Amino acid sequence: MQLVNIGFGSMLSAQRILAALEPESAPIKRMVQEARDRGMLIDASYGRKTKTVILMDTDHIVLSALTPETIGERWQSADREEEKE
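The present account deals with the structure reproduced in this document.

Thresholds applied
Residues numbered from 1 in each chain as written. Predicted model: local features only at pLDDT ≥ 70, side-chain atom pairs only at ≥ 80, totals over all residues. Heavy atoms only, no water. Helix = DSSP H or I, 4+ residues; strand = E, 2+ residues; numbered from the N terminus. Rg over C-alpha atoms; globule rule 2.2 N^0.38 Å. Contact = heavy atoms within 4.5 Å. Areas by Shrake-Rupley, 256 points an atom, 1.4 Å probe, with all protein chains shown as cover. Lys, Arg positive; Asp, Glu negative; His and termini not counted. Charge placed at Lys NZ, Arg CZ, Asp CG, Glu CD. Patch = residues over 30% accessible without salt bridge, like charges linked within 9 Å, V, L, I, M, F, W, Y side chains within 5 Å. Salt bridge = Lys/Arg side-chain N within 4 Å of Asp/Glu carboxyl O. Pairing = 2+ DSSP bridges. Buried < 20%, exposed > 50% of the residue type's maximum accessible area, 1.4 Å probe, protein only.

## As for the overall build of the protein
Inference 1: Within the protein one finds 2 helices and 6 strands.
Inference 2: In terms of overall dimensions, the protein is globule-like: its C-alpha atoms have a radius of gyration of 13 Å, near the 12 Å expected for 85 residues.
Inference 3: C-alpha atoms of the protein, sized along the principal axes, occupy 40 × 25 × 20 Å.
Inference 4: Taking the contacts inside the protein whose residues are at least 6 apart along the sequence as the reference set, 53% of them involve residues at least 24 apart.
Inference 5: Accessible surface computed for the protein: about 5,300 Å², of which carbon and sulfur atoms make up 50%.
Inference 6: Taking the 11 positively charged and 14 negatively charged side chains of the protein as two groups, their mean positions are separated by 7 Å.

Below is the structure:
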């Protein structure tokens, strides 16, 4: 199982990530609010500005202070490492 560092020591399973999105659009903001209402929101931004909304296959939504590009690069490198094994 490969883990992706999403900032400040927080890690997610690379196999469970569906998408890393920017939080600016109204539909994404609605998804975050709905997840918060259902208790499915995980805030891993540690009080910093949220720059990425990560969708998980478990129906959880994770907030991160890292950019989507950074998380995407880490996610891809975790996939490449998994292919080598």
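After that view, the rundown keeps rolling.
## A few points about a nonpolar patch on the surface
Inference 1: Together, M1, L3 and M11 make up a nonpolar patch on the protein surface, roughly 350 Å² of accessible area in all.
Inference 2: Mapping L3 onto the fold places it in strand β1 (residues 3–7).

## Quick look at the pairing of strand β2 (residues 10–13)
Inference 1: Summarising the sheet, β1 and β2 pair through 4 bridges and their orientation is antiparallel. Considered in β2, the bridge of V4 is made with L12.
Inference 2: Remark: 2 residues form the turn of the hairpin made by β1 and β2, two consecutive strands paired antiparallel; F8 in that turn has positive phi of roughly 55 degrees.

## Describing the pairing of strand β6 (residues 61–64)
Each regular strand shows side chains that alternate between the opposite faces of the sheet.
Inference 1: Across the two faces of β6 the burial is the same, with I61 and L63 and V62 and S64 all buried.
Inference 2: Pairing geometry for strand β4 (residues 41–43) and β6, over 3 bridges, is parallel. Within the sheet, the bridge partner assigned to I42 lies in β6 and is V62.
Inference 3: Here strand β5 (residues 52–56) runs beside β6; their pairing, made up of 4 bridges, is antiparallel. Note on β6: the bridge partner recorded for L55 is I61.

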